[in-house]
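What follows is the residue order along each chain.
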Amino acid sequence: MAAHPAKLSGMQKQVLSLYRGFLRAARSKATEDRERIHSVVSAEFRNNARNVDRRNFIYIEYLLRRGKKQLEQLKDPGTKGLSTLKVGPAVPPSDVLG
């Protein structure tokens, strides 16, 4: 009997949707730009998957908002590619609030 795959949370679905959105938007770019975009997007998502605590919902929501803004910019026909924006490590909310 086949095992049922684990259900994804709403936030996980949002992350996957954003990732697929970047790959779809890259299809409309020139081949060399498309390859560069795919590389940057894959590296960024992989890096965040490894380094961001899955329970740090505030930071993940921030990354989702930032990603959505970048995706909208990428969809613009005049945009040729992406550059990475380095964001420092997540600061626990208790450190921010004092």
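Just above, that's the structure.
A brief look at the structure comes next. Model, not experiment: these values are computed from the prediction.

1. Quick notes on the packing of helix α1 (residues 10-26) against helix α2 (residues 31-51)
Two elements in contact, α1 and α2, have axes whose closest approach is 9 Å; the angle formed by their N-to-C orientations is 165°. The angle between α1 and α2 falls in the class roughly antiparallel. As for how α1 packs across α2, the hand of that crossing is right-handed. For the pair α1 and α2, contact is made by Val-15, Leu-18, Tyr-19, Phe-22, Leu-23 and Ala-26 and by Arg-34, Ile-37, His-38, Val-41, Ser-42 and Phe-45, respectively. Residue classes in the contact of α1 with α2 are distributed as nine nonpolar, two polar and one charged.

2. Topic: the pattern of salt bridges
Going through the model one piece at a time under the given rule, you end up with four salt bridges. Here Asp-33 and Arg-36 are joined by a salt bridge, their closest N and O atoms 3.4 Å apart. Here Asp-33 pairs with Arg-36, and both are found in helix α2, just three residues apart, close to one helical turn. A salt bridge links Arg-66 to Glu-44; its shortest N-O distance comes to 3.4 Å. Here Arg-66 is found in helix α3 (residues 57-75), whereas its partner Glu-44 is found in helix α2, with 22 residues between them in sequence. Glu-44 shares its class with Arg-66; the two are buried.

3. Looking at the packing of aromatic side chains
A full pass over the atoms with the stated rule returns three aromatic pairs. For the pair Tyr-19 and Phe-45, a centre-to-centre distance of 5.0 Å together with 70° between the ring planes defines the contact as edge-to-face. Here the residue Tyr-19 occupies a position in helix α1, and Phe-45 occupies one in helix α2, the gap between them amounting to 26 residues. Looking at Phe-45, the relative accessible area reads 21%, which means it is partly exposed. With a centroid separation of 6.3 Å and 75° between ring planes, the pair formed by Phe-22 and Phe-45 is classed as edge-to-face. Of this pair, Phe-22 sits in helix α1 while Phe-45 sits in helix α2, and the two are 23 residues apart along the sequence. A relative accessible area of 3% places Phe-22 in the buried class.

How each quantity is defined
- Residues numbered from 1 in each chain as written.
- Predicted model: local features only at pLDDT ≥ 70, side-chain atom pairs only at ≥ 80, totals over all residues.
- Heavy atoms only, no water.
- Axes fitted to C-alpha atoms, helices over the stretch in contact; angles between N-to-C directions.
- Helix = DSSP H or I, 4+ residues; strand = E, 2+ residues; numbered from the N terminus.
- Parallel < 35°, antiparallel > 145°, perpendicular 65-115°, else oblique.
- Left-handed = near helix turned anticlockwise from the far one by under 90°.
- Contact = heavy atoms within 4.5 Å.
- Nonpolar A, V, L, I, M, F, W, Y, C, P; charged D, E, K, R; others polar.
- Salt bridge = Lys/Arg side-chain N within 4 Å of Asp/Glu carboxyl O.
- Buried < 20%, exposed > 50% of the residue type's maximum accessible area, 1.4 Å probe, protein only.
- Phe/Tyr/Trp six-rings, centres within 6.5 Å; stacked < 30°, edge-to-face > 60°.

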